[in-house]
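Reading the structure
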Amino acid sequence: MSITNNSVASFHYTLKDDDGNTIDSSQDQEPLPYLHGSGNIVPGLERELEGKVVGDKLSVIVKPADGYGEFDESLIQELPKAMFAGVDDIQAGMDFHAQTEHGQQVVTVTKVDGDTVTVNGNHPLAGKNLHFDIEVTDIREASAEEIEHGHVHGPGGHQH
Ligand code: ZN
């Protein structure tokens, strides 16, 4: 069985940046399951996993456009502190859910200067090349319910 649309595939991964620093890894955890063809993982990686079988190992470099997007300066905004009413002590590094012209987004506070709060709505990995080392560990057919929901159920997936 190979990975195709509506397969649930699981893989171990190590993700590094251009400098070889590890950003994320599954090595001390269970492999990550995803529903192939549903955009659960970044497009550049999903494309490379098409047709792979259990035991396959691959190294993939995903460009920002096929990963978490290019860094978008327009997503850096200065907001009045009054917009954060109810937050006692707003500080750099805090994450907030914000309603923006791009829909619901997580924004990170990067600077607080007097009554001005600077937020960045880019994904933390936006603009970065993603270096993945992957090992496919399991492939199975998705259930009808998983296909309907567009995600994996059970261990490592949605619990509902
Ligand atoms: Zn579901």
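Cut-offs applied
- Here, residues in each chain are numbered from 1, in the same order as that chain's written sequence.
- The predicted nature of this model means local features are confined to residues of pLDDT at least 70 and side-chain atom pairs, given and counted, to a pLDDT of 80 or more, with totals for whole chains, interfaces and linings taken over all residues.
- Neither water nor hydrogens contribute to the side-chain values; these are computed over all heavy atoms in the structure.
- Paired rings are identified among Phe, Tyr and Trp, the last through its six-membered ring, by centres lying within 6.5 Å, and are further divided according to the angle between planes into stacked (under 30 degrees), edge-to-face (over 60) and tilted (the rest).
- Burial here depends on accessible area, computed with a 1.4 Å probe over protein chains only, as a share of the maximum for the residue type. Under 20% is buried, over 50% is exposed, and the range in between is partly exposed.
- The helix and strand labels rest on DSSP assignments: H or I over at least four residues marks a helix, E over at least two residues marks a strand, and numbering proceeds from the N terminus.
- Listed donor atoms are N, O and S within 2.8 Å of the metal (Na, K and Ca: 3.2 Å). As water is not included, a site may look incomplete.
- Donor angles set the geometry label: tetrahedral for four donors if every angle is between 85 and 135 degrees, square planar for four and octahedral for six if opposite donors exceed 155 degrees and the others are between 65 and 115, irregular for anything else.
- Only buried Ala, Val, Leu, Ile, Met, Phe, Trp, Tyr and Cys residues count toward a nonpolar core, and they belong to the same one when joined by side-chain atoms within 4.5 Å.
- By definition in these notes, contact holds between two residues if any of their heavy atoms fall within 4.5 Å.
- Between any two strands, at least two bridges found by DSSP are needed for them to pair.

Here we come to the packing of aromatic side chains. With the rule as written, the count across this model stands at three aromatic pairs. Pairing phenylalanine 11 with tyrosine 13 gives two aromatic rings, centres 6.0 Å apart and planes at 70°, and the pair type is edge-to-face. Classification of tyrosine 13 by relative accessible area gives buried; the value is 11%. When the centroid spacing of 5.7 Å and the interplanar angle of 70° are considered together, the rings of phenylalanine 11 and tyrosine 34 count as edge-to-face. Residue phenylalanine 11 is found in strand E1 (residues 7-16), and its partner tyrosine 34 is found in strand E3 (residues 32-35); the two are separated by 23 residues along the sequence. Across the pair, exposure class does not vary: phenylalanine 11 and tyrosine 34 are buried alike.

As a further point, take the coordination of the zinc ion. The protein atoms that coordinate the zinc ion are His149 (ND1), His151 (NE2), His153 (NE2) and His160 (NE2), at distances of 1.9 to 2.1 Å. Considering all four donor atoms around the zinc ion, angles at the metal cover 98 to 123° and the coordination shape is tetrahedral. Residue classification places histidine 153 among the buried positions, given a relative accessible area of 14%.

Attention now moves to the nonpolar core. Of all hydrophobic cores here, the largest spans 19 residues; its most connected members are Phe11, Leu45, Leu49, Phe132 and Ile134. Elements with a minimum of two residues in this core: E1, helix H1 (43-49), strand E4 (57-62) and strand E9 (130-141). In terms of residues, this core owes the most to one element, E9, which gives five residues. Filtering out sequence-adjacent residues up to four positions away, leucine 45 remains in contact with Phe11, Val60, Val62, Phe132 and Ile134.

Turning to the pairing of E1, a few remarks are in order. Burial runs high along E1: nine of the ten residues are buried. Alignment of E1 against E9, held across ten bridges, turns out to be antiparallel. Residue pairing across strands places serine 7 opposite glutamate 141, the latter belonging to E9. Sheet analysis places E1 next to E3, joined by four bridges and oriented antiparallel. What sits directly across from alanine 9, in E3, is tyrosine 34. Taken together, the three bridges between E1 and strand E2 (residues 22-25) define a ladder with antiparallel strand orientation. Paired with lysine 16 across the bridge in E2 is threonine 22. Linking E1 back to E2 in an antiparallel pair, the connection comprises five residues, with glycine 20 at a positive phi of about 85°.

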